[in-house]
Amino acid sequence: MQIEFRAIVQSEYGAPEKVLRIAERQFKSEEVGADDVLVKVIARPIHPGDIQILSALPQGGPVVPIPEGTLRVPGFEGVGTIVRLGTNPEAAKRFSEGQRVAFFPAKGSWGEYVVVRYNSLLPVPNEIPDQIAAQMLINTITASVLLKAGHNSLKAPITLPVYILQNAASSGVGRLLTQVALDRGVRPIRLVRSNQSAERLQSALPGPPVYSTSDSNWKEQVRDALGGRKLEVAFDAIGGKAIDDLAEVVDDGGTIINFGSLDSNMGTNIYSLVPNNVALKSVSILSWFRLTDAEKQKDFELALSLATHHPELFEVAHEYEFGDFQKAIQHVSSPGKTGVVLLKSPA
Ligand SMILES: NC(=O)c1ccc[n+]([C@@H]2O[C@H](COP(=O)([O-])OP(=O)(O)OC[C@H]3O[C@@H](n4cnc5c(N)ncnc54)[C@H](OP(=O)(O)O)[C@@H]3O)[C@@H](O)[C@H]2O)c1
């Protein structure tokens, strides 16, 4: 069986408006390998990281060359329907054709069809809508990887309660990090960049304190919230000078864990780490690939549990039609955006 479909493709890296276009693609279903599954994609998110990678920005990590004469399809996760299973009997035991699944990692979820390894699939129960299933894996896995790194940074003996500080706390990853931390008995203190964002976050996800870094006294507010307890770990999604700021509130010997560059990530002053002997650590979802299948499965279950019990964590900024992918990409970095931008497949 030959399938003709459309995909967003690039033959070189660069600015999205220059390098991306929609192309007709073909796939012979006989090409599905033993461990592979062919999925018809219903919707996929557009993450800041997708844009950084397709643009070959330094924040996107090492650039994988696009061989001459081939096309790259961006996108690593999404939700879709199984069209064809490979011959591995284990895959047939766990999945069936027609089943709705979330998937990560995939190479090319910005196509109407994508081939995914069967152990990268998660069956989606009917109660979880496509809008949540499409975005529930990467951000949950990132939050999980971050909390493990945070835990490993604590010095023994661990004295409760443990506090963490997180900036850009209204981001998709930030919201999940807060919830997973709370579920594990950790006390998060949240930072956002404006009072408007603080109000929005506090009303959407009430609970732990939220402070705006636009207030000149936010560091005192954080110290007040700590009430004399130690702050050993801070999570940074912004980079650059935001790291200097966090270094002023982290306690002696504490750790700042950077996982994003929402700002330019230029101009961190390494001397800001000196007064409190602060360690700076970088954490990426790439470390998740080194985990065992059982550990990865636990994170898939965590995503399912969060999607079931806390659907409010998976806000959608807007759902775009496939042909409007450039508008969708622009929306990702537009001011005031809350939630994840989704791109639907053609009807
Ligand atoms: N290391 C990894 O493996 C990994 C994996 C996933 C994501 N990430 C990174 O995690 C970060 C968050 O990703 P996401 O998908 O969760 O983001 P998101 O949902 O798109 O949210 C970003 C939010 O952060 C705030 N923000 C944006 N620019 C800012 C700035 N310069 N200073 C302060 N706040 C700013 C904005 O909120 P307000 O408008 O409310 O202020 C914005 O809505 C990104 O840097 C992403 O690349 C890393």
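Keep in mind the model is a prediction, meaning the values are calculated, not measured. (Residues numbered from 1 in each chain as written. Predicted model: local features only at pLDDT ≥ 70, side-chain atom pairs only at ≥ 80, totals over all residues. Heavy atoms only, no water.)

So, the environment of Ala23
For Ala23, the position within the fold is in strand S2 (residues 21-28). Taking the relative accessible area as the measure of exposure, Ala23 reaches 7% and is therefore buried. Not counting chain neighbours up to four residues away, the residues in contact with Ala23 comprise Phe5, Arg6, Ala7 and Val9. (Helix = DSSP H or I, 4+ residues; strand = E, 2+ residues; numbered from the N terminus. Buried < 20%, exposed > 50% of the residue type's maximum accessible area, 1.4 Å probe, protein only. Contact = heavy atoms within 4.5 Å.)

Brief notes about the site of the ligand
Near the ligand there are 22 residues, and of these Gly172, Val173, Ser197, Ile285 and Lys337 occur at the shortest range. Ser197 is positioned with one of its side-chain polar atoms (N or O) 2.6 Å from an oxygen atom of the ligand. A distance of 3.4 Å separates an oxygen atom of the ligand from a polar side-chain atom of Arg200. Relative to its unbound accessible area of 930 Å², the ligand is 87% covered by the protein chains. Secondary-structure elements contributing two or more residues to the shell around the ligand are helix H2 (48-54), helix H6 (172-183) and helix H7 (195-204). For the shell around the ligand, the per-class residue count stands at 9 nonpolar, 9 polar and 4 charged. Mapped onto the domain boundaries, the shell around the ligand takes at least three residues apiece from domain 1 (2-136 + 314-344) and domain 2 (139-286). (Near = heavy atom within 4 Å. Polar contact = N/O pair within 3.5 Å; in protein donor to acceptor, adjacent residues only side chain to side chain. Areas by Shrake-Rupley, 256 points an atom, 1.4 Å probe, with all protein chains shown as cover. Nonpolar A, V, L, I, M, F, W, Y, C, P; charged D, E, K, R; others polar. Domains from an automatic or database assignment.)

Description of the side chain of Asn167
By the secondary structure assignment, Asn167 is in the loop between strand S8 (163-166) and H6. Setting aside residues no more than four positions away along its own chain, Asn167 makes contact with Leu191, Phe235, Asp236, Ala237, Ile238, Ala242 and Leu246.

As for the environment of Asp50
Locating Asp50 in the fold gives a position in helix H2. Overall, Asp50 belongs to the buried group, its relative accessible area being 4%. Considering only alpha carbons, one finds Asp50 and Gly60, 10 residues apart in sequence, at a separation of 7.8 Å. In this structure, Asp50 is in contact with Pro45, Gly75, Phe76 and Trp110, ignoring residues within four places of it in sequence. Here the side chain of Asp50 touches His47 through a polar contact of 2.8 Å, landing on its backbone nitrogen.

Looking at unusual backbone geometry
Omega for the bond connecting Phe104 with Pro105 falls within 30 degrees of zero, at -5°, which places this linkage in the cis form. Of note, Pro105 is situated in the loop between strand S5 (100-103) and strand S6 (113-117). Ala156 connects to Pro157 through a cis peptide bond whose omega is -10°. Note that Pro157 resides in the loop between helix H5 (138-153) and S8. Positive phi, close to 55°, is recorded for Ala56, a residue that is not glycine. Despite not being glycine, Ala168 shows a phi value in the positive range, around 45°.

Considering the domain arrangement of the chain
Partitioning the chain into domains gives domain 1 (2-136 + 314-344) and domain 2 (139-286). The centre of domain 1, based on its C-alpha atoms, is set 30 Å off from the matching centre of domain 2. Taken residue by residue, the interface counts 10 residues in domain 1 and 8 residues in domain 2. For the pair domain 1 and domain 2, the two sides together bury roughly 830 Å², of which 53% comes from carbon and sulfur. On the domain 1 side of the interface with domain 2, the three residues burying the most area are Gln59, Phe104 and Thr338, jointly 37% of the side's total. Residues Glu315 and Arg175 are paired through a salt bridge, measuring 3.0 Å at the closest nitrogen-oxygen approach. (Buried area = accessible area lost by both parts, 1.4 Å probe. Salt bridge = Lys/Arg side-chain N within 4 Å of Asp/Glu carboxyl O.)

Description of the packing of aromatic side chains
Tallying each qualifying case throughout the model produces 5 aromatic pairs. Ring geometry for Phe104 versus Trp288: centroids 5.7 Å apart, planes at 40°, classification tilted. You can see Phe104 sitting in the loop between S5 and S6 and its partner Trp288 sitting in the loop between strand S13 (279-282) and helix H10 (293-309), a full 184 residues away along the chain. Taking the relative accessible area as the measure of exposure, Phe104 reaches 3% and is therefore buried. A residue is classified by how much of its surface remains accessible, and Trp288, at 2% relative accessible area, is buried. (Phe/Tyr/Trp six-rings, centres within 6.5 Å; stacked < 30°, edge-to-face > 60°.)

Some details on the nonpolar core
Met136, Leu137, Ile141, Phe235 and Phe314 are the most contacted members of the largest nonpolar core, which has 50 residues in total. When residues of this core are traced back to their parent elements, those giving at least two are helix H4 (130-133), H5, H6, H7, strand S11 (231-236), H10 and strand S15 (340-344). If you tally residues by element for this core, the top one is H5, at 7 residues. Summarising the domain contributions, this core has at least three residues from each of domain 1 (2-136 + 314-344) and domain 2 (139-286). Not counting residues within four places of it along the chain, the set of residues in contact with Phe314 comprises Ile132, Gln135, Met136, Thr140, Leu176, Leu306 and Ala307. (Core = buried A, V, L, I, M, F, W, Y, C linked by side-chain atoms within 4.5 Å.)

Brief notes about the pattern of salt bridges
Oppositely charged side chains may form a pair once their charged atoms are brought near each other. Under the definition given, this model contains 9 salt bridges. Put simply, Arg117 and Asp36 hold a salt bridge, and the shortest N to O gap is 3.2 Å. Residue Arg117 is located in strand S6, and its partner Asp36 is located in strand S3 (residues 36-46); the two are separated by 81 residues in the primary sequence. Taking the relative accessible area as the measure of exposure, Asp36 reaches 15% and is therefore buried. When the shortest N-O distance is used, the salt bridge between Lys344 and Glu321 registers 3.2 Å. Of this pair, Lys344 sits in strand S15 while Glu321 sits in the loop between strand S14 (316-320) and helix H11 (325-332); the two residues are 23 residues apart in sequence, bridging distant segments of the chain. On the basis of relative accessible area, Glu321 is assigned to the partly exposed category, the value being 43%.

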